[in-house]
Amino acid sequence: MQEIDRIFEKHGKDEVILTIYGMEGGGFTYSLQCRMSLIIRAIYPHQIMQSYETISKAKRSAIDTLFSWTKGSRAAKEHLRSFGIIDCPYQLEFDFS
């Protein structure tokens with residue numbers, strides 16, 4: 001696997017690290033590390049069974065994973081909304097040129 005993109009965002013004690021990898025046979029996968037409002041979680045490429053066709057789809061899946069991790073905590077949801085990383089995959093869908 002080859003690292004394609006890394007997004008690191010930190011607000012106080014909260015942080016999210018999203019790394020996108022290109023796979024040898026084509027496709028993309030991601031690793032995700034999150035520490036937010038007393039929730040510490042991580043998921044790595046070897047734990048993700050699915051390969052994604054585009055970088056945008058891999059990022060969207062990572063963001064969906066973040067939302068699933070924070071859905072049980074109101075404070076964590078509020079902290080997650082302050083991160084610009086949640087807008088990333090949707091900005092890639094539009095061509096502003």
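Residues numbered from 1 in each chain as written. Predicted model: local features only at pLDDT ≥ 70, side-chain atom pairs only at ≥ 80, totals over all residues. Heavy atoms only, no water.

Geometry of an aromatic ring pair is reported as the spacing of the ring centres plus the angle between the planes. One pass over the structure, following the stated rule, counts one aromatic pair. Relative to tyrosine 52, the ring of tyrosine 30 lies with its centre 6.0 Å away and its plane at 35°, an arrangement referred to as tilted. On the criterion of sequence distance, the pair formed by tyrosine 30 in strand β3 (residues 28–36) and tyrosine 52 in the loop between β4 (39–43) and α1 (55–70) is long-range, its members being 22 residues apart. Classification of tyrosine 52 as buried rests on a relative accessible area of 10%. (Phe/Tyr/Trp six-rings, centres within 6.5 Å; stacked < 30°, edge-to-face > 60°. Helix = DSSP H or I, 4+ residues; strand = E, 2+ residues; numbered from the N terminus. Buried < 20%, exposed > 50% of the residue type's maximum accessible area, 1.4 Å probe, protein only.)

To continue, consider the side chain of threonine 65. Here threonine 65 lies in helix α1. Judged by relative accessible area, threonine 65 falls into the buried class, the value being 15%. A polar side-chain atom of threonine 65 sits 3.0 Å from a polar atom in the side chain of tyrosine 30. (Polar contact = N/O pair within 3.5 Å; in protein donor to acceptor, adjacent residues only side chain to side chain.)

What follows covers the sheet that holds strand β2 (residues 14–22). Strand order in this open sheet of four strands is β1-β2-β3-β4, and the pairing throughout is antiparallel. Each of the sheet's edge strands pairs with one partner strand only, and the pair in question is β1 (2–11) and β4. The average undirected angle you get between the axes of adjacent strands in this sheet is 10°. For β1 and β2, the ladder comprises nine bridges, and the chain directions are antiparallel. Across the sheet, the residue bridging to histidine 11 is aspartate 14, located in β2. Each of β1, β2, β3 and β4 is contacted by α1, which is oriented at about 30° to β3, the strand it contacts most. (Pairing = 2+ DSSP bridges. Axes fitted to C-alpha atoms, helices over the stretch in contact; angles between N-to-C directions. Contact = heavy atoms within 4.5 Å.)

Let us look at the packing of α1 against helix α2 (residues 74–81). Their axes nearest at 8 Å, the elements α1 and α2 cross at an angle of 150°. Comparing the axis directions of α1 and α2 gives the class roughly antiparallel. Contacts from Leu66, Phe67 and Thr70 of α1 reach α2 at Ala76, Lys77 and Leu80. The residue makeup of the contact of α1 with α2, split by class, is four nonpolar, one polar and one charged. (Parallel < 35°, antiparallel > 145°, perpendicular 65-115°, else oblique. Nonpolar A, V, L, I, M, F, W, Y, C, P; charged D, E, K, R; others polar.)

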